[in-house]
Amino acid sequence: MSISHFSVNACLLPICSLNGAAVTTVEGVGSTKTKMHPVQERIAAAHGTQCGFCSPGMVMSMYTLLRNTPEPSMEDIQEALLGNLCRCTGYRPIVDGFKTFCQTNDSTSILQESDDTFQADDFRLVDPTQDFIFPPELMKQSHQRMVFQGERIKWITPADLEDLLELKSQYPHAPLLAGNTTCYHGKTMQISKTVLSVKIHGDRITLSAACTLTTIKEKLEEAVKVLPEEKSEGLHALLETLGKVASKQIRNVASVGGNILSSNPKFDLCSVLAALGCSLTILSKDGSRKLNLTEGFFTAVGKTALKPEEVMLSVYIPYTKKWEFMLAFRQAQCRQFAFSIINCGMKVIFFEGTNVVKDLKIFYGGAGATLVSTRNASQQLVGRKWNDNLLTDACKLVLSEIHLPDTAHGGMVEYKKTLILSFFFKFYLHILQKLKAMGLNVAAVPPEYMSALTPLHSKLPQGQLSYQAVSVSQPLEDPVGRPNVHQSGFKHSTGEAIYYDDIPSIDGELFLVFVTSTRPHAKIISIDTTEALSMPGVVAFLSAKDVPGNNKRRWFHDMVELFIEEEVMCVGQMIGAIVAETREQARRAAQKVYVSYQDLEPVFFTIEEAINHQSFFSPQRKLERGDVDVGFETSDQILEGEIYMGGQEHFYMETQGVIAVPKGENGETDLFIATQHAAFAQEVVANALGVSFNKITCHVKRLGGGFGGKIMKIADISAAVAIAAYRTGRSVRCVLERGEDMLMTSGRHPFLGKYKVGFMNDGTIISADVTYYSNAGNTLDESQFIIEKALLHLDNCYKIPNLRGRGIMCKTYLPSYTAFRGFGGPQGLMVIESVINEVAAKCGLPAEEVREINMYRNESHTHFRQSFDASNMVRCWNECLEKASYYQRRQNIEEFNKQNRWKKRGISAVPIKFGIGFTKGFCNQGAALVNVYKDGSVLLSHSGTEMGQGINTKMIQIASRILKIPQSSIYIVETSTASVPNAIPSAASFGTDAVGMAVKDACENMMNRLQPIIEQHPKMSWEYWVRFVSFYCLKNSGYFLICYLIFFNRGPNTDVDWERSEGNAYFYFTFGVCCSEVEIDCLTGEHKNIRTDIVMDVGQSLNPTLDIGQIEGGFVQGLGLYTTEELKFSPSGVLITRGPSQYKIPTICDIPEQMNTSLLQNTSNPHAIYSSKGIGEPTVFFGCTVFFAIKQAIAAARKDVGLHDNFTLNSPATPEKIRLACADQFTQMVRCGKIH
Ligand SMILES: Cc1cc2nc3c(=O)[nH]c(=O)nc-3n(C[C@H](O)[C@H](O)[C@H](O)COP(=O)(O)OP(=O)(O)OC[C@H]3O[C@@H](n4cnc5c(N)ncnc54)[C@H](O)[C@@H]3O)c2cc1C
Ligand code: FES
């Protein structure tokens, strides 16, 4: 018996299916307490962890790979990690750590002019004796029927096939489960594990229905190596598709039977298997039958021709023969790990030795409710020669046969139709090429058309990092400026890092689930909780009337309701909450709370509709310099346009939640909470409970990612949970599920930018008038600050002498949008960069030339009259263009585009000037508390929160420098409102600046006070001095030296006078430049990120690897923002994209193949701690370089058909938008119904 190791998604795996399996979790791999596994060591040492929430998953995927393949290839690593998402790092450092396991890893990052970020030679080697052995007793398990009876579900694992058929006749309607990746919950039966095999015969291959997709892929890969080419033609097509189905973790459990019998048009295998001419063996107790896998087999979504008592035994795949050709295609929202929008299988058979079609089979998935075949079109093409006439007629016939009404499920109708034709075109060209290669007299594929045939494959990212090493004169024990590993890195990778939901439950703990509104605008008529309250385990239903303090709180001019009492203003608002003994009980009961509504008017969701209804929040902001109207008069040309930019979901890996523990006295409550703003949560909870702030203590150990999303919304969630704890007297936990989190907490504001710009023919911009409209949702939240930030970044790096910006916040019936990394910057900056691009297109110049012409240089003033020195920005620009070999590559791209009709490349370089800090001076403060204990150890508390950005690591580095003690003597337990009160949020890229100064001041103060003792005993140690002091303190109460200090650092006094359009909005600016190159497939809209170079001025970095982590992570989040992450709402305002299967954040294969990051050298910043600069937010905006490079590539495609390069492309540049913008004969045909 052989033992196989495979990684799985724990959330999809029914526990009963594990009978007979041994489960290894990250805790079983290694530990900091005993011995770390090399996988755990390397991901942390290579700086591959930030918040650490994804790290155990990464470790387990890599560990599994190593157990099966001790010397993996780079492709193996890519495949193993594709199903693991990380929202912080940008993947590059994770890959770097894991590449060290490859025998040949010629692409490990090369570091220049810097200390090594890690020493691969020092890594421990894999020691197989460290691995758990498979428990021998599990090998002896006999095959007998197993029955598990739960509270509501009965699970039966049959002994063998005979038993399964017996059971199926007994319980015909109990569904079978194989991998359960379709997530069935209910009475169920597991398919017998005895029917797992792939059999390779002389004339066919037989797959058992329960065979996993991984097994099938592996077996077919072996088979195609030995089978003659013509026999394996179809298998290659199947393999191409199999490699793109889901992720390795899903394929490890998903079965081919499940894929077919789910009858889900998004699933990819049916179209390929149908085109291959597969048949299915169906069994029941009464016998067997064979069914052909064609469109007729699928009767409706989720339904097939199978009778309830039948099971599928196997799939029979015939081999292809000579003169038979087969291909499969699919296109999804992003490169991989996404359901297909359209998938298809196409097979053509020719009369021997000719190009005359004998048979043609075309099947599309996603083009209808079930599998669609173009049977009539195929029949009409039989007997035709494979040439351009056939192509033209085939397109017309296929299009007329596929019925996709404008209202079709899933939308994207124009795109889907275009894909249907584009895939056929690719198929046509492939076959033409094959026929030519077989010596037939057919037209050759034109060389520039060959680009239609090559898929866009990505390799694992590689790159170069460069930063300035600390001066050789810096003492070795001084850690500031060194690339220290994240302080929690090894705890992240071993799973020892504790997040709020890891805290063990307290005796009697309850669970809370929210009841939220299902209407966008309605009056609440009644709430019926009768059924919910009668359900097992339910303790209470809470609503507005149960709030002991205030259900409303003031937020600027508005009152914000905690539980909505009368009128809901969006889907997803909190109406009440169920509190029950367990998560499941609370969840089930929450679904049984019935709210009846009376719908109200108006209801609208978009910016355009809000403008029509004049529905805005106040105030409306304006900034102006020069005379815009006069500027227009003196300009050579004037251009008007607009760009829309969609919102973004935070998608932190750890969803929002809290544990509230009532202390039993005076309303005292402890909250263990994932927040970036503990003081605000404390305030909102106190208001809701009607107690003073000092009764509420918020504890924040660490966050599994925040990105601005855990500032505001979590406060109301905490208040509701605290009320539940207060009312029940028991601790209460709430952990939002991903869908709930996305529905309730919302994300980045969508923006519409309208502009008018006047410019000279050489690209100099004379005047610009820009109006930003943000979609704020139904409450103000932080929208005002966000639109202000957009306005303050209106000029980006350009000196536009006459510039006017207006900011208008639209009030709509959507959940309220909130803070998100960059805070309006990425939206505001995007508009001005679009303007630059449009001007460049009009002037016939490269956009980068127009950027250079208009750039600030040296000492300058922003449009709100803040002075700054732009020289480092210009240095970044020059350095980035040089490092990226920009001009050479631009030429190469032009050449590439001339030679390729169906693939195009683009390159774009964009600078940034990003203001750091809060524009309200009082927010720019940090606080720190330093406790020194008698043994010399130091406990550091500060006002920041650790959410992956490494603030704790940097604070320990600073404290270590000043106290002159090793970092290991300094510890940070948590952020707590009890130790540091009234703190500001960790946001605005200002955490390190504010807190770092406070830590520095506190430690310096401490050292000053110790100075007399140090001078008395200069040869003694830190421990001695501290012991001496504590002894002295105890003996002489009132002695001047104390062992702790709390220190507040008041930061810069920033402010903006909006009436006069002037102010010092920021203390300083962080500069940088990013250059990206992409390649697009003009026929599918897919794109590949080829290379990105970033040069960033972060002053003198406190920790270069943490800063590079922020730069890369921010960039990749921006890459998602501007390309793949698209929020979709139903016509009634319900967020549809509520999980990873609909909402696509970047995966490992979306990262540029070459990713180079440099920190500008010999630079300083007099305004921040040790000359460093804030870097958390700016690089999100750099994702726009990919957007503009895509736009340039599209322009090249449009040029080939004589279209102008002035065209609108809204963000995100999804495959749909890219494809439709690459107008050609197919888009034309779809639009007009005919080919030109
Ligand atoms: C995150 C994620 C991403 C995915 N991405 C893709 C993708 O990109 N492309 C794609 O094609 N698919 C994708 N899938 C779908 C996945 O391939 C299917 O869910 C899987 O193949 C179903 O197999 P299963 O064994 O898990 O089926 P199960 O969930 O166990 O069963 C599915 C259905 O089939 C029935 N069934 C299963 N076996 C038999 C049998 N032998 N006889 C009778 N009835 C049977 C069950 O009763 C049930 O109704 C994805 C799934 C997930 C969760
Ligand atoms: S480190 Fe990967 S999600 Fe935070």
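Nothing here was measured: the structure is a model prediction, and the numbers come from that model.

### Thoughts on the overall build of the protein chain
Logical step 1: From N to C terminus, the protein chain includes 34 helices and 47 strands.
Logical step 2: At 31 Å, the protein chain has a C-alpha radius of gyration in line with the 33 Å of a compact globule built from 1236 residues.
Logical step 3: Counting only contacts in the protein chain whose residues sit at least 6 apart along the sequence, the fraction spanning at least 24 positions is 78%.
Logical step 4: Summed over its atoms, the accessible surface of the protein chain is roughly 46100 Å², and 51% of this surface lies on carbon and sulfur atoms.
Logical step 5: Positive and negative side-chain charges of the protein chain, numbering 120 and 127 respectively, have mean locations separated by a distance of 3 Å.

### Points about unusual backbone geometry
Logical step 1: Cis geometry marks the peptide bond from Glu-601 to Pro-602; its omega dihedral reads -5°.
Logical step 2: By the secondary structure assignment, Pro-602 is in the loop between β25 (594-599) and α18 (607-613).
Logical step 3: In the segment running from Ser-1211 into Pro-1212, the intervening peptide bond is cis, with an omega of 5°.
Logical step 4: Despite not being glycine, Phe-337 shows a phi value in the positive range, around 60°.

### Let's talk about the packing of aromatic side chains
Logical step 1: For the structure on display, the rule yields 30 aromatic pairs.
Logical step 2: Taken together, a centroid distance of 6.3 Å and an interplanar angle of 35° make the contact between Phe-868 and Phe-1071 tilted. With Phe-868 in strand β36 (residues 867-869) and Phe-1071 in strand β45 (residues 1068-1081), this pair connects stretches of sequence that are 203 residues apart.
Logical step 3: For Phe-868, a relative accessible area of 6% corresponds to the buried category.
Logical step 4: Since its relative accessible area comes to 5%, Phe-1071 is described here as buried.

### Side note on the UniProt feature "binding site: Mo-molybdopterin" (unreviewed entry) in the protein chain
Logical step 1: UniProt records the feature "binding site: Mo-molybdopterin" (unreviewed entry) at Gln-676, Phe-707, Arg-821 and Ala-988, using the numbering of this structure. Taking the farthest pair of C-alpha atoms as the criterion, the annotated set spanning 313 residues converges on one region, since that pair is 12.1 Å apart.
Logical step 2: By the secondary structure assignment, Gln-676 is in the loop between β29 (669-673) and α20 (678-689).
Logical step 3: Once you skip the residues sitting within four places of it in the chain, Gln-676 turns out to touch Leu-703, Gly-706, Phe-707, Gly-708, Gly-709, Lys-710, Ile-711, Thr-945, Met-947, Pro-985 and Ser-986.
Logical step 4: Among the polar contacts made by the side chain of Gln-676, one reaches the main-chain amide nitrogen of Gly-708 at a distance of 2.9 Å.
Logical step 5: Checked against the element boundaries, Arg-821 lands in the loop between β34 (802-811) and α24 (825-843).
Logical step 6: Under the relative-accessibility criterion, Arg-821 is labelled buried at 8%.

### So, the sheet that holds strand β15 (residues 357-365)
Logical step 1: Spatially, four strands are ordered β13-β14-β15-β16 in an open sheet, and the strand pairing comes out antiparallel. Because the sheet does not close on itself, it has two edges, and the strands there are β13 (324-332) and β16 (372-373).
Logical step 2: Sheet topology places β13 next to strand β14 (residues 340-350); nine bridges connect them, and they run antiparallel. Residue pairing in the sheet places Phe-329 in a bridge with Cys-344 of β14.

### Overview of the nonpolar core
Logical step 1: Core analysis: the biggest nonpolar cluster contains 285 residues, and Tyr-364, Trp-386, Phe-424, Phe-514 and Ile-578 have the highest contact counts within it.
Logical step 2: Excluding residues within four positions of it along the chain, Phe-424 makes contact with Met-346, Ile-362, Tyr-364, Trp-386, Leu-390, Leu-391 and Ala-394.
Logical step 3: In this structure, Leu-227, Leu-235, Val-272 and Val-315 belong to the second largest nonpolar core, which totals 45 residues.

### Considerations on the side chain of Ser-989
Logical step 1: Relative to the assigned elements, Ser-989 resides in the loop between β41 (975-976) and α29 (991-1016).
Logical step 2: Side chain to side chain, Ser-989 and Glu-1177 meet in a polar contact 2.9 Å long.
Logical step 3: With residues near it in sequence (within four places) discarded, Ser-989 still touches Phe-914, Ile-916, Gly-1174, Ile-1175, Gly-1176, Glu-1177 and Pro-1178.

### Quick look at the side chain of Lys-347
Logical step 1: Tracing the backbone through its elements, the reader meets Lys-347 in strand β14.
Logical step 2: A residue is classified by how much of its surface remains accessible, and Lys-347, at 9% relative accessible area, is buried.
Logical step 3: Side chain to side chain, Lys-347 and Glu-324 meet in a polar contact 3.5 Å long.
Logical step 4: Not counting the four nearest positions on each side in its chain, Lys-347 is found in contact with Ala-275, Leu-276, Thr-320, Glu-324, Phe-325, Met-326, Asp-359, Leu-360, Lys-361 and Phe-427.

### What about the pairing of β45?
Logical step 1: In terms of residue burial, β45 counts as a mostly covered element, since 14 of its 14 residues are buried.
Logical step 2: Relative to β45, strand β37 (residues 903-916) is paired through 14 bridges, and the arrangement is antiparallel. In the sheet register, Ile-912 faces β45, and the bridge partner there is Gly-1072.
Logical step 3: Two elements, β45 and strand β46 (residues 1087-1097), share 10 bridges in a ladder whose sense is antiparallel. Looking at the pairing, Gly-1072 lines up with Met-1096 of β46.
Logical step 4: Hairpin geometry of β45 and β46 is characterised by an intervening segment of five residues between the two adjacent antiparallel strands and by a positive phi of about 90° at Gly-1085.

### Focus on the pattern of salt bridges
Logical step 1: Tallied over the entire structure, the rule returns 64 salt bridges.
Logical step 2: A salt bridge links Arg-384 to Asp-393; its shortest N-O distance comes to 2.8 Å.
Logical step 3: Relative accessible area serves as the criterion here: at 28%, Asp-393 is assigned to the partly exposed category.
Logical step 4: Its salt-bridge partner being Arg-621, residue Glu-788 comes within 2.8 Å of it at the nearest N-O pair. Taken as a pair, Glu-788 in helix α23 (residues 783-792) and Arg-621 in strand β26 (residues 616-625) lie far apart in primary sequence, 167 residues in all. Each member of the pair Glu-788 and Arg-621 is classed as buried.

### Here we look at the sheet that holds strand β23 (residues 567-568)
Logical step 1: Pairing is antiparallel in the open sheet, where three strands are placed in the order β23-β19-β25. Two strands in the sheet have a free side with no partner beyond their single neighbour: β23 and β25.
Logical step 2: Summarising the sheet, strand β19 (residues 522-528) and β25 pair through six bridges and their orientation is antiparallel. Note that in β25 the partner of Ser-526 across the bridge is Ser-596.

### Points about the UniProt feature "binding site: [2Fe-2S] cluster 2" (unreviewed entry) in the protein chain
Logical step 1: Mapped onto this numbering, the UniProt entry annotates "binding site: [2Fe-2S] cluster 2" (unreviewed entry) at Cys-51, Cys-54, Cys-86 and Cys-88. Spanning 38 residues, the named residues form one tight spatial group whose C-alpha atoms are at most 9.5 Å apart.
Logical step 2: Mapped onto the secondary structure, Cys-51 falls in the loop between α1 (38-45) and α2 (55-68).
Logical step 3: Among the residues examined, Cys-51 registers a relative accessible area of 3% and is labelled buried.
Logical step 4: Topologically, Cys-86 is positioned in the loop between α3 (74-81) and α4 (92-99).
Logical step 5: Excluding residues that lie within four positions of it along the chain, Cys-86 makes contacts with Cys-54, Met-58, Tyr-91, Ile-94 and Met-653.

### Some points on the site of ligand 1
Logical step 1: Lining the immediate environment of ligand 1, one finds 31 residues, of which Leu-176, Thr-181, Thr-182, Ser-255 and Asp-268 sit closest.
Logical step 2: Within the backbone of Leu-176, a nitrogen or oxygen atom sits 2.6 Å from an oxygen atom of ligand 1.
Logical step 3: In the model, an oxygen atom of ligand 1 is placed 3.1 Å from a nitrogen or oxygen of the Ala-246 main chain.
Logical step 4: Within the residue set of the shell around ligand 1, elements represented by two or more residues are β4 (176-177), α10 (256-261) and β12 (311-318).
Logical step 5: Here the element with the most residues in the shell around ligand 1 is α10; it accounts for four residues.

### Digging into the packing of helix α14 (residues 413-437) against helix α34 (residues 1225-1232)
Logical step 1: Between α14 and α34, the shortest axis-to-axis distance is 9 Å and the interhelical angle comes to 135°. Considered as vectors, α14 and α34 are oriented oblique to each other. Handedness of the α14/α34 crossing: right-handed. For the pair α14 and α34, contact is made by Glu-414, Lys-417, Thr-418, Leu-421 and Phe-425 and by Phe-1226, Thr-1227, Met-1229, Val-1230 and Arg-1231, respectively.
Logical step 2: For the contact of α14 with α34, the residue count by class is five nonpolar, two polar and three charged.

### Considering α2
Logical step 1: End to end, α2 covers 20 Å across 14 residues, agreeing with the expected 20 Å (1.5 Å per residue, within 8%).
Logical step 2: Restricting attention to buried positions, one finds in α2 the residues Ser-55, Met-58, Val-59, Met-60, Ser-61, Met-62, Tyr-63, Thr-64, Leu-65 and Leu-66.
Logical step 3: Buried residues along α2 sit in contact with α1, α3, α4, α9 (248-251) and α15 (489-494).

### Regarding the environment of Gly-489
Logical step 1: Mapped onto the elements, Gly-489 comes out in helix α15.
Logical step 2: Sequence separation between Gly-489 and Ser-55 is 434 residues, and the spatial gap between their C-alpha atoms is 9.0 Å.

Calculation rules
Residues numbered from 1 in each chain as written. Chains lettered and ligands numbered in written order. Predicted model: local features only at pLDDT ≥ 70, side-chain atom pairs only at ≥ 80, totals over all residues. Heavy atoms only, no water. Helix = DSSP H or I, 4+ residues; strand = E, 2+ residues; numbered from the N terminus. Rg over C-alpha atoms; globule rule 2.2 N^0.38 Å. Contact = heavy atoms within 4.5 Å. Areas by Shrake-Rupley, 256 points an atom, 1.4 Å probe, with all protein chains shown as cover. Lys, Arg positive; Asp, Glu negative; His and termini not counted. Charge placed at Lys NZ, Arg CZ, Asp CG, Glu CD. Phe/Tyr/Trp six-rings, centres within 6.5 Å; stacked < 30°, edge-to-face > 60°. Buried < 20%, exposed > 50% of the residue type's maximum accessible area, 1.4 Å probe, protein only. UniProt positions renumbered as here; feature names shortened; annotations may be inferred. Polar contact = N/O pair within 3.5 Å; in protein donor to acceptor, adjacent residues only side chain to side chain. Pairing = 2+ DSSP bridges. Core = buried A, V, L, I, M, F, W, Y, C linked by side-chain atoms within 4.5 Å. Salt bridge = Lys/Arg side-chain N within 4 Å of Asp/Glu carboxyl O. Near = heavy atom within 4 Å. Axes fitted to C-alpha atoms, helices over the stretch in contact; angles between N-to-C directions. Parallel < 35°, antiparallel > 145°, perpendicular 65-115°, else oblique. Left-handed = near helix turned anticlockwise from the far one by under 90°. Nonpolar A, V, L, I, M, F, W, Y, C, P; charged D, E, K, R; others polar. Expected span 1.5 Å × (residues − 1).

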